[in-house]
Amino acid sequence: MSATRTPPTMSGTIRLYVKPANPLGPDEAAELRAVVEQFFEALRLRALPGTMGTVHALDQKPEGALDARFDVIEVERGAFRVLHGMLEGFSCMVAPLGGALAWREPPSDEGTVDLLAATAPLVSSAASPEPPPLADNLLTTDAPLPVLGPRVPFEVSFSFQGGAAPPLAIEVAFASPLTDDDKDRLDREIRVWAALVQGGYPLPGDPPGASALGPFTVRFDDAQTLRLSAESFLAGDECFESLRALLLQWNATTPVVSMETE
């Protein structure tokens with residue numbers, strides 16, 4: 001029996017540079033920034049595997065070009081495929097992009113850097129938006145999309161309606177009532193997951209950016225049950241891995257009974 005291959009991970013300071021094909025308006029620029037911020041938040045929430053460290057910079061020029069530096073610890077390379085798809089989705093649905101690059105900055109020669117420290121120094125404060133020679137563009141990695149390794153301690157069942165982009169309903173049941181603060185936080189975090197689906201999880205054979213979740217609502221049927229209802233859904237099954245991972249974090253303090261789709 002062959003050993004299970006461990007997905008490739010990476011740690012260090014990541015540089016991300018996204019340039020629009022044409023100057024963006026204020027609303028378009030805000031949407032592009034939101035795409036990157038939602039990706040960061042997904043890492044913080046462990047919806048994507050790995051640990052989000054310090055965000056050193058998230059700068060945006062007047063025409064909309066975005067330049068970010070951030071630290072990651074043992075993040076699967078496949079997570080950057082999700083970001084690639086999210087950016088391609090923006091390019092197709094909001095405003096075309098002229099290019100997007102993400103690379104790991106060269107290791108610091110100034111000793112160990114605390115990647116989680118709020119004031120962690122940049123690896124190179126003089127780095128330009130150009131990657132170093134021979135650096136891989138992480139956005140075009142061929143690493144697999146992230147899959148949650150361990151079994152989750154709650155019931156998961158999938159059922160989908162027929163059609164090219166059918167409606168989708170997701171129901172999450174908890175073992176005990178949620179507080180109002182818990183409901184607000186869960187609502188926000190479910191919307192982070194929904195942002196990943198906007199481009200990040202295309203069906204096999206489809207290009208990056210081809211997945212989508214149509215207009216949706218999030219409500220609580222009662223104090224223990226959340227329901228997301230979307231008018232349409234087109235995405236690969238891997239998108240539910242990030243939702244399971246998100247709920248696994250909740251389960252540590254607020255036991256989850258089940259996650260069902262229909």
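Data block above holds the structure.
Each value, and the rule that gives it
Residues numbered from 1 in each chain as written. Predicted model: local features only at pLDDT ≥ 70, side-chain atom pairs only at ≥ 80, totals over all residues. Heavy atoms only, no water. Helix = DSSP H or I, 4+ residues; strand = E, 2+ residues; numbered from the N terminus. Buried < 20%, exposed > 50% of the residue type's maximum accessible area, 1.4 Å probe, protein only. Pairing = 2+ DSSP bridges. Axes fitted to C-alpha atoms, helices over the stretch in contact; angles between N-to-C directions. Contact = heavy atoms within 4.5 Å. Salt bridge = Lys/Arg side-chain N within 4 Å of Asp/Glu carboxyl O.

Chemist: Would you mind showing me how to read the overall build of the chain here?
Modeler: Counting secondary structure elements, the chain contains 4 helices and 11 strands. Out of the 262 residues in the chain, the part that is buried amounts to 45%.

Chemist: Help me out: how do you make sense of the sheet that holds strand β4 (residues 97–104) in this one?
Modeler: The strands making up a sheet associate through backbone hydrogen bonding, with each pair oriented either parallel or antiparallel. In space, the 4 strands of this open sheet follow the order β2-β3-β1-β4, with antiparallel pairing throughout. Strands with a single pairing partner mark the edges of an open sheet, and in this sheet they are β2 (51–60) and β4. Across the sheet, the mean angle from the axis of one strand to that of its neighbour is 20 degrees, orientation sign disregarded. Pairing between β2 and strand β3 (residues 66–76): 7 bridges, direction antiparallel. Looking at the pairing, Q60 lines up with L66 of β3. The strands touched by helix α2 (residues 78–93) are β1 (9–20), β3 and β4; relative to β3, the strand with the most contacts, the crossing angle is about 150 degrees.

Chemist: Help me understand unusual backbone geometry in this model?
Modeler: The phi dihedral of R46 falls on the positive side, at around 65 degrees, and the residue is not glycine. Mapped onto the elements of the fold, R46 is located in the loop between α1 (26–44) and β2. Even without glycine at this site, E74 takes up a positive phi of about 50 degrees. Here E74 shows up in strand β3.

Chemist: Looking at this model, I keep getting lost on the sheet that holds strand β6 (residues 168–174). Mind explaining?
Modeler: With respect to topology, 5 strands assemble into an open sheet ordered β5-β11-β6-β9-β8, the strand pairing being mixed. In this open sheet, the two strands that pair with only one neighbour each are β5 (155–157) and β8 (216–222). Across the sheet, the mean angle from the axis of one strand to that of its neighbour is 10 degrees, orientation sign disregarded. Taken strand by strand, helix α3 (residues 180–200) contacts β6, β8 and β9 (225–230), and its axis lies near 145 degrees from that of β8. Relative to strand β11 (residues 256–261), helix α4 (residues 239–251) is tilted by about 165 degrees, and along the sheet it contacts β5, β6 and β11.

Chemist: Hey, could you run me through the pattern of salt bridges in this one?
Modeler: It is possible for side chains bearing opposite charge to pair when their charged atoms get close. This model, assessed by the stated rule, comprises 12 salt bridges. Between R33 and E37 there is a salt bridge, with the nearest N and O atoms lying 3.2 Å from each other. In this pair, R33 and E37 are both assigned in helix α1, 4 residues apart and thus about one turn of the helix distant. Of the charged contacts in the structure, one is a salt bridge between R185 and E189, with a shortest N-O distance of 3.3 Å. Here E189 and R185 lie together in helix α3, a separation of 4 residues that amounts to about one turn. Classification of R185 as partly exposed rests on a relative accessible area of 31%.

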